[in-house]
Amino acid sequence: MGSSCWPSALGARLFALLNNPWSGPSKEKQQVFSFLDSKTLLLLLVNVLTRSCHRSTGRPHRFTGWRCDNLSKGNTRIHINMSFELRGLSWSTNKRMLSVLICVICCIHSGKSQTCTEGFTYEHRARQCIDIDECRTLPDPCRGDMRCVNQNGGYLCIPRGLYSQSYARNSPRSYPEPSYPEESYPDRSLGYSEPFIPNVPPVGAGPGPGPGPSYPIVSRSTPCILGYTLGADGTCVDVDECETQSHQCNPTQVCINTAGGYTCSCTEGYWLVGGQCQDIDECRYGYCQQLCANVPGSYSCSCSPGFLLNADSRTCQDVDECATNPCSHGCLNTYGSFMCTCDEGFELAADGTTCNDLDECSFSDFLCQYTCVNTPGSFSCVCPPGYYVYEDGRSCEDLNECESGNNTCTTAQVCFNFQGGYTCLNPLRCDPPYIELNDNQCMCSAENPACRERPFTVLYRHMDLSSGRSVPADIFQMQATTRYPGAFYIFQIKSGNEGREFYMRQTSNISATLVLARPIRGPKTIVLDLEMVTVNNVINFRGSSVIRLTIFVSEHPF
């Protein structure tokens, strides 16, 4: 073969690029070096060095660090020492050689850094990306009762029952060992109009002995991959395993068709546990604000009394029950309920909504002095005839008919008012032998023999007394108006005290008091004759005067 180790046309173009490595389009250089392996690049380097030396000196030069024993195809052995000797090379030649070395290293590195997409690997000899058979290279790629089927750029795991015989390789097929015929590289010395791609057959594609791929081969015998079928128009259409009932989902699962296969899933409200779809108890996770009822595949929210379920079917809002006027009186809305209130004088009934009147009169006998009358929500006090209700609304005050003129007395009569009533007193009439001394006193003259055993004077007095008045009580006082030397006075009840309700208590020599000893219930009129006896032993005189006291006892104790 001589000293030339590569085609002259390509070598000339490469030598032109290496002599001027910093000029020319970089894309053209990459196209030249993109298909060269490391051995070819070393041969190119030797040729470039030889031609460089010859051009710089005009004669061949000897390199001590390398030799080319045989450049015949397939038997080339090149020995290179890292140190070599160049004779007669100028500095410009050294610079060109240094550029060549850098360019060669970059080209080799660029070839090694060729990358492919996931699932493929770069084949340097074929200069293209080939598929990785994961079913053979990966340890146990599919688990369980699943079969691995290789695909371009990946692999599938399918149940063995669904594995079609068309894709199974029960017996190994024979494929030819790939051979690489010598390529005839075109002459591109005038330029590169398109990238150079050698025609290398794919590995394992031809007939003959050899290991076959584990993935389905798209050919005339098997036109479609697993999960597809040949349609009427000659194209591959997806097989709907869910519609044809060719899936293997269990009865609790739902079949979902996918491109080239199917998936087994659970409906909403279920989750997959141990290959079975089990109901999700949403109530355990607080989906509802208040009440939750779990149902197969779903849940139902409800609210406590007094609340209303919102539009989101989960939360609850308070119901304003007072808007419907459930109470007979007042209503107070509360969170989740309401409360009825009653006006003053009423109490809430057992049903919690109606109000019953309070009978205040039944609470005590002392609300009113006389009689308590219950009214809706309140009460009122009334008094008997002859009385009126006092300012406090409870006490009874005597109505003085004599002052108000609300009486039936004539002009000749005298109106006497007492507790709860009045009486009309007739004009004084003195019974003989008494004569009228004034409007309320009668006198019996001492010269009249008929008067010797009678009181000298009779004085008429009137008073009122409340029924049941507490005892003892001083109710009337009498006193001598004239004092005589050597005389003393005796006070006593002469008549009218048959029941012994009264007694006289002498308070001094000339006075005494009438005392009520027992309660008296009215209405009643009592007439007492209170006698004052005058005794004078010096002149041997004994005489008396009488006060005729009329007591009007009222019907009521007020």
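This structure is a prediction, so every number in the text was calculated from the model and none was measured.

Calculation notes
Residues numbered from 1 in each chain as written. Predicted model: local features only at pLDDT ≥ 70, side-chain atom pairs only at ≥ 80, totals over all residues. Heavy atoms only, no water. Phe/Tyr/Trp six-rings, centres within 6.5 Å; stacked < 30°, edge-to-face > 60°. Helix = DSSP H or I, 4+ residues; strand = E, 2+ residues; numbered from the N terminus. Buried < 20%, exposed > 50% of the residue type's maximum accessible area, 1.4 Å probe, protein only. Pairing = 2+ DSSP bridges. Salt bridge = Lys/Arg side-chain N within 4 Å of Asp/Glu carboxyl O. Axes fitted to C-alpha atoms, helices over the stretch in contact; angles between N-to-C directions. Core = buried A, V, L, I, M, F, W, Y, C linked by side-chain atoms within 4.5 Å. Contact = heavy atoms within 4.5 Å. 1 Å grid on protein atoms, 1.4 Å probe; cavity = no way out; pocket = protein on both sides within 12 Å on 5 of 7 lines; lining within 4 Å. Points joined across faces, edges and corners; volume = space filled by probe spheres on them. Nonpolar A, V, L, I, M, F, W, Y, C, P; charged D, E, K, R; others polar. pLDDT = per-residue confidence, 0-100. UniProt positions renumbered as here; feature names shortened; annotations may be inferred.

## Here we look at the packing of aromatic side chains
When we look at a pair of aromatic rings, we describe it by the centre distance and by the angle of the planes.
Then, in step 1: Using the criterion set out here, one finds 7 aromatic pairs in the structure.
Then, in step 2: Here the aromatic rings of Y287 and Y299 are separated by 5.2 Å at their centres, their planes lie at 65 degrees, and the arrangement is edge-to-face. Linking Y287 in the loop between β12 (276-279) and β13 (291-295) with Y299 in strand β14 (residues 298-302), this pair joins segments that are 12 residues apart in sequence.
Then, in step 3: Since its relative accessible area comes to 32%, Y287 is described here as partly exposed.
Then, in step 4: Here the aromatic rings of Y387 and F558 are separated by 4.7 Å at their centres, their planes lie at 70 degrees, and the arrangement is edge-to-face.

## Some details on the pairing of β12
Then, in step 1: Here strand β11 (residues 270-273) runs beside β12; their pairing, made up of 4 bridges, is antiparallel. What sits directly across from L272, in β12, is C277.
Then, in step 2: What sits between β11 and β12 in their antiparallel hairpin is a turn of 2 residues, with G274 showing a positive phi close to 60 degrees.

## Quick word on the pattern of salt bridges
Then, in step 1: For the coordinates displayed, the defined rule picks out 3 salt bridges.
Then, in step 2: A salt bridge links D133 to R136; the shortest N-O distance between them is 3.4 Å.
Then, in step 3: Exposure remark for D133: the relative accessible area of 14% places this residue in the buried category.
Then, in step 4: According to the relative accessible area criterion, R136 is exposed, its value standing at 52%.

## A look at the sheet that holds strand β30 (residues 473-479)
Then, in step 1: Strands sit in the order β30-β33-β32 across an open sheet of 3 strands; the sheet is antiparallel. Each of the sheet's edge strands pairs with one partner strand only, and the pair in question is β30 and β32 (502-506). Across the sheet, the mean angle from the axis of one strand to that of its neighbour is 25 degrees, orientation sign disregarded.

## Looking at the sheet that holds strand β28 (residues 441-443)
Then, in step 1: Ordered by their spatial adjacency, 6 strands build an open sheet running β27-β28-β29-β35-β34-β31, and the pairing between neighbours is mixed. Lying at the two open borders of the sheet, with one neighbouring strand each, are β27 (435-438) and β31 (487-495). Across this sheet, the average inter-strand angle for adjacent strands is 30 degrees, counted without regard to direction.
Then, in step 2: As paired strands, strand β34 (residues 524-536) and strand β35 (residues 541-553) are joined by 13 bridges and run antiparallel to one another. Bridge pairing in β35 places M532 opposite S545.

## Topic: unusual backbone geometry
Then, in step 1: The residue after V471, namely P472, is reached through a cis peptide bond having omega -10 degrees.
Then, in step 2: Along the chain, P472 turns up in the loop between β29 (457-465) and β30.
Then, in step 3: The backbone of D140 sits at a positive phi, close to 50 degrees, despite the residue not being glycine.
Then, in step 4: Relative to the assigned elements, D140 resides in the loop between α5 (134-137) and β5 (146-151).
Then, in step 5: Looking at D140, the relative accessible area reads 53%, which means it is exposed.
Then, in step 6: A positive phi is found at R500, a non-glycine position, where the angle reads about 55 degrees.

## A closer look at the nonpolar core
Then, in step 1: Of all hydrophobic cores here, the largest spans 25 residues; its most connected members are I475, F476, M478, F502, L514, L530 and I551.
Then, in step 2: At the level of elements, β29, β30, β31, β32, β33 (511-516), β34 and β35 are the ones that each hand at least two residues to this core.
Then, in step 3: Each residue touching I551, except ones within four places of it in the same chain, is listed here: M463, L465, I475, F502, K524, T525, I526 and L528.
Then, in step 4: By size, the runner-up hydrophobic cluster in this structure holds 7 residues, among which are L428, C442, C444 and V458.

## A few points about the layout of surface pockets
Then, in step 1: Roughly 880 Å³ of internal volume is contained in the second largest pocket.
Then, in step 2: Along the walls of the second largest pocket sit 31 residues, with F456, T457, G543, S544 and S545 positioned nearest its centre.
Then, in step 3: Secondary structure elements with two or more residues in the lining of the second largest pocket: β29, β30, β31, β34 and β35.
Then, in step 4: For the lining of the second largest pocket, the element with the highest residue contribution is β35, accounting for 7 residues.
Then, in step 5: Of the residues assigned to the lining of the second largest pocket, the class counts are 15 nonpolar, 10 polar and 6 charged.

## Re the confidence of the model for the protein chain
Then, in step 1: On average, the protein chain scores 76 in pLDDT, and the residues at 70 or more come to 68%.
Then, in step 2: Note on residues 1-12: pLDDT is under 50 here. Beyond four places in sequence and across chains, it has 21 contacts.

## Brief notes about the side chain of S554
Then, in step 1: Along the chain, S554 turns up in the segment after β35.
Then, in step 2: On the basis of relative accessible area, S554 is assigned to the buried category, the value being 1%.
Then, in step 3: Among all residues touching S554, those that are not within four sequence positions of it are Y387, Q419, L465, S466, S467, G522 and P523.

## Here we look at the environment of L291
Then, in step 1: With respect to the helices and strands, L291 occurs in strand β13.
Then, in step 2: Taking the C-alpha atoms as reference points, L291 and S304, separated by 13 residues in sequence, lie 7.0 Å from one another.
Then, in step 3: Every residue in contact with L291, bar those within four places of it in the chain, is listed here: S300, C301, S302, C303 and S304.

## Digging into the UniProt feature "domain: EGF-like" (unreviewed entry) in the protein chain
Then, in step 1: Under the present numbering, the feature "domain: EGF-like" (unreviewed entry) in UniProt falls on residues 238-278, 279-317, 318-356 and 357-397.
Then, in step 2: What you have in residues 279-317 is 0% helix and 41% strand, and the ends, taken at the C-alpha atoms, are 29 Å apart.
Then, in step 3: End-to-end, the C-alpha atoms of residues 318-356 are 29 Å apart, and along that stretch the chain is 0% helix and 41% strand.

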